[in-house]
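# Topology and contacts: notes
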Amino acid sequence: MPESKYLSTARINPYKLKLEGDSLRFEVAGTIPIESVMAIRNSKLRLFYQAQSRNLDLGEIPLLREGTAFRFEKSYSILFEDWMLGASLELQFVQQKRSGEEILEKKALTKGVLAPQLMVKLGEVYADEPIPEVGAYMLSGQTDRDAVQREEFVFYFDPGQTQIKKNSAFSSSINQLDDFLQRNPLVQAIKITGLQSPESSEGKSSQLGMSRAEAVKKELDTRLSAFPDSMIRVDSRWNDWFDLRLLLRDYEGISTQRKDEMYAVVMNRESFQDQYERLVKIPGFSQVQKDLFPKLRVVKVEVVAKPRKGLDMEQSRKLNEALKNTTSGSLLTFEEWIQAAEATNSLDEKAVIFSKMTEYFHSPLPYNNMAVVRMRQAQRTLDYGSKEILWDEADRLLVQAYRVEVNPYSLHNQGQILALKGNYWEAYKKLSDASTGIQNKDLVRRNEALRGALDILRGDYKLATLRFDYEFTDPKDYFNKGLAFYLIEDFAEANAAFEESVILGRSFGYGYYGLAMIAAGSGQAEIALIHLKRAVESNRQLAEKAFQDPVFQELRETDEFFKAFNSN
């Protein structure tokens, strides 16, 4: 059968299907020469949506005679289903026979769906990804002491040297680090990253940054000795403009126009050396070198930790007596019970403490906080039936907490559970109700971030961008913010948000994926491949997504795409 004898002009508009709301809208059109059809009786044109395990028959497309050809044109609006993300739209020209239909020719019109909004993170748990922390504890203080704290400390070096400059800046960084660890002793991760500037005095070896990182690790040995090696990551960056881009954002020594010129160069497809040669020719770059290059001769130490306020020995004795039911009343104050719950990392121990508190205190706090424990336990089970049981128990506890006293925490947590269950509209209503009574700044930020994520799924992208007008400590919130701006095609803001996501969590992976989407859309294939490779190295789940995402369709038609993924 000759190739494209009948369907050579068949086309689909848009060429890449795009999810709008809950539907896909497109038009199929083309012509079939009359001389080829006249010899075939009972011929029909049919459209199918096909995946490996699904086949959706979209029916027949009428053929209308027009001059020397049969013209066909039909518009579709179909309800989107998840399986369509990797499926193909296939046009089939068939002949009706007594024995059935014979396919004379078929043509794949397009594959996959552009649906970046479905990547939004709501707190779901996925394999090979860190377990997201859901739920908001109600605390007696003004700040959520359970919230993860992140801070970065910088140590400077002379050109080409691996010995730390022990000056006033060094003392300041050490004091700030000690103060942070004292306030947040529950350390979760430490990342030490050595950098080196492109100056000739920094040499041509990629080992300088790593040597600097090792030097800082050795200098901080007494402070880090209490933490296991698995918690400390030592790394370096070389021939990478990432850190210079961060410095340029707040740099006021050149005009915005010159900044944009520099951004355009560092984001193009050329080699690092070619990019450097172009940067040197931009007016004002000599000032950038003078002011910013010394800030690249550094080691950055990022610490992720939580505060902790435990009980002393006497308070601990009283707590054990209360938990063993050896006393009829509480020997601890309300605040001491909360401190005891915060001091333990065990969810089971937290549940026991909060359960006991319900016997002593008429307060919504223990009910709400025990519900959060159940929500986080649900995050740690793979069995969906067990998840639902834990969610249902959490919901009952939240209802009780709200009965004891009207509070926004319980409403927020109910909204989070509904979002995890996929009841997005009901979740949105709960979160909206919660927003009217929130005074705690951290809860405001959490609530608005979750509302913004749901706004993205609802298709209100502009409103979503307004929800994310906060500083976040979780890389998923910056990724969601980037998605919102990406979907309204404000790529500058989207790029900034995705970069913030990378800064907060390079191992998260999604920030890199967002940067790859922007680069691919602007024709920067080499940059897109670099970001995609980093995304997949950080998160294996993103590999499958990259291989079926239409945004990378042109990249997948190149050898470079598969070479970039061969090592992974």
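Up top you'll find the structure we're talking about.
Below you will find a few notes about this structure. Just so it is clear, the model here is predicted, and its values are computed rather than measured. (Residues numbered from 1 in each chain as written. Predicted model: local features only at pLDDT ≥ 70, side-chain atom pairs only at ≥ 80, totals over all residues. Heavy atoms only, no water.)

### What about the nonpolar core?
The criterion, for reference: Among buried residues, the Ala, Val, Leu, Ile, Met, Phe, Trp, Tyr and Cys ones that are joined through side-chain atoms within 4.5 Å form a nonpolar core. Per-residue accessibility, obtained with a 1.4 Å probe over protein chains only, is compared with the maximum for each type, and a residue is labelled buried under 20%, exposed over 50%, and partly exposed between these values. For helices the rule is a DSSP run of H or I covering at least 4 residues; for strands it is a run of E covering at least 2, with both sets numbered from the N terminus onward. Residue contacts follow a heavy-atom distance rule, with two residues in contact if any of their heavy atoms lie within 4.5 Å.
In this structure, Val288, Ile456 and Tyr513 are the most contacted members of the largest nonpolar core, which totals 68 residues. In terms of residue count, helix α20 (residues 510–521) provides more of this core than any other element does, eight residues in total. Excluding residues that lie within four positions of it along the chain, valine 288 makes contacts with Leu244, Leu248, Tyr251, Ile254, Met262 and Phe293. In terms of nonpolar packing, the next biggest core, distinct from the first, is built from 38 residues, Phe334, Trp337, Ala394 and Leu397 among them.

### Side note on the pairing of strand β8 (residues 88–97)
Put simply, the test is: Two strands form a pair only when DSSP identifies at least two bridges running between them.
Among the 10 residues that make up β8, eight are buried, leaving the element largely enclosed by the rest of the structure. Two elements, strand β4 (residues 43–50) and β8, share eight bridges in a ladder whose sense is antiparallel. Residue pairing in the sheet places glutamine 50 in a bridge with serine 88 of β8.

### Examining the environment of leucine 418
Relative to the elements of secondary structure, leucine 418 occurs in helix α14 (residues 408–421). Placed 23 residues apart in sequence, leucine 418 and aspartate 395 show a C-alpha to C-alpha distance of 9.6 Å. With near-sequence residues (within four places) excluded, leucine 418 lies in contact with Asn423, Glu426, Ala427 and Lys430.

### Quick word on the pattern of salt bridges
For clarity, the cut-off: When a carboxyl oxygen of Asp or Glu is within 4 Å of a side-chain nitrogen of Lys or Arg, the pair counts as a salt bridge.
Taken as a whole, this structure holds 31 salt bridges when the rule is applied. Residue glutamate 73 is joined to arginine 71 by a salt bridge in which the shortest nitrogen-to-oxygen separation is 3.4 Å. For glutamate 73, a relative accessible area of 45% gives the class partly exposed. With a relative accessible area of 26%, arginine 71 lands in the partly exposed category. Note that arginine 237 is salt-bridged to aspartate 243, the shortest N-O span being 2.7 Å.

### Considering the packing of helix α15 (residues 424–435) against helix α16 (residues 441–458)
How we decide: Lines fitted to C-alpha atoms define the axes here, with helix axes fitted over just the stretch in contact, and angles between the N-to-C directions of these axes take values from 0 to 180 degrees. Each crossing gets its hand from how the near helix is turned against the far one by less than a right angle, where anticlockwise is left-handed and clockwise is right-handed. Classification convention: Asp, Glu, Lys, Arg as charged; Ala, Val, Leu, Ile, Met, Phe, Trp, Tyr, Cys, Pro as nonpolar; all other residues, Gly among them, as polar.
The contact between α15 and α16 brings their axes to 10 Å, and the two run at 145 degrees. Note that α15 runs across α16; the crossing there is left-handed. Where α15 approaches α16, its residues Tyr424, Trp425, Ala427, Tyr428, Leu431, Ser432, Ala434 and Ser435 are matched on the opposing element by Asn447, Glu448, Leu450, Arg451, Leu454, Asp455, Leu457 and Arg458. The class makeup of the residues in the contact of α15 with α16 is nine nonpolar, three polar and four charged.

### Some thoughts on the side chain of asparagine 184
Following the sequence through the fold, asparagine 184 ends up in the loop between α2 (168–183) and β11 (186–194). The residues touching asparagine 184, leaving out its near neighbours within four places in the chain, are Gln149, Ala305, Lys306 and Pro307.

### What about the side chain of serine 363?
Here is the rule: Any N or O atom pair separated by 3.5 Å or less is treated as a polar contact, with the protein-specific requirement of one donor-capable and one acceptor-capable atom, and with residues adjacent in sequence counted only for side-chain atom pairs.
Position of serine 363 among the secondary structure elements: in the loop between α11 (347–360) and α12 (364–379). Residue classification places serine 363 among the buried residues on the basis of a relative accessible area of 12%. Only 3.1 Å separates the side chain of serine 363 from the backbone nitrogen of leucine 365, close enough to count as a polar contact. Here serine 363 is in contact with Phe334 and Val404, once residues within four sequence places are set aside.

### Notes on the packing of aromatic side chains
Definition in use: To pair, rings of Phe, Tyr and Trp, with the six-membered ring standing in for Trp, must have centres within 6.5 Å; the planes then decide the type, stacked if under 30 degrees apart, edge-to-face if over 60, and tilted in the middle.
This structure, assessed with the given rule, holds 27 aromatic pairs. Consider the rings of tyrosine 276 and phenylalanine 285, whose centres lie 6.3 Å apart with planes at 80 degrees: the pair is edge-to-face. One exposure class covers both tyrosine 276 and phenylalanine 285, and it is buried. Where phenylalanine 285 meets phenylalanine 293, the ring centres are 5.9 Å apart and the plane angle is 80 degrees; that geometry is what we call edge-to-face. Taken as a pair, phenylalanine 285 and phenylalanine 293 share a single burial class, namely buried. Feature note: the residues Trp241, Phe272, Tyr276, Phe285 and Phe293 constitute an aromatic cluster, connected by ring pairs.

### Some remarks on the sheet that holds strand β13 (residues 298–306)
Spatially, β10-β13-β11-β12 is the arrangement adopted by the four strands of the open sheet, whose pairing is mixed. Each of the sheet's edge strands pairs with one partner strand only, and the pair in question is β10 (149–156) and β12 (232–236). Strand-to-strand, the axes of this sheet are offset by a mean angle of 15 degrees, without reference to chain direction. The sheet contact formed by β11 and β13 spans eight bridges and is antiparallel. What sits directly across from threonine 193, in β13, is lysine 300. Across the face of the sheet, α2 comes into contact with β10, β11 and β13 while running at roughly 160 degrees to β10.

### Topic: helix α18 (residues 475–487)
Operational definition: Here the expected length of a helix is defined as 1.5 Å per residue gap, with one fewer gap than residues.
A rise of 1.5 Å per residue sets the reference length of α18, with its 13 residues, at 18 Å; its end C-alpha atoms lie 18 Å apart and thus fit the reference within 8%. α18 sits mainly inside the fold: 13 of its 13 residues count as buried. The N-terminus of α18 is capped by aspartate 474, whose side-chain oxygen sits 3.0 Å from the backbone nitrogen of lysine 476. Of the residues one or two after α18, glutamate 489 is the one with positive phi, at around 65 degrees.

### Structural notes on the packing of α18 against helix α19 (residues 491–504)
This is how the line gets drawn: Angles below 35 degrees are treated as roughly parallel, those above 145 as roughly antiparallel, those between 65 and 115 as roughly perpendicular, and all remaining angles as oblique.
Where α18 meets α19, the axes come as close as 8 Å, and the angle between the chain directions of the two elements is 165 degrees. It follows that α18 is roughly antiparallel to α19 by the angle criterion. As α18 runs across α19, the sense of the crossing is left-handed. Contacts between α18 and α19 pair Pro475, Tyr478, Phe479, Lys481, Gly482, Leu483, Phe485 and Tyr486 from the former with Phe491, Glu493, Ala494, Ala497, Phe498, Glu500, Ser501 and Leu504 from the latter. Split by residue class, the contact of α18 with α19 holds 11 nonpolar, two polar and three charged.

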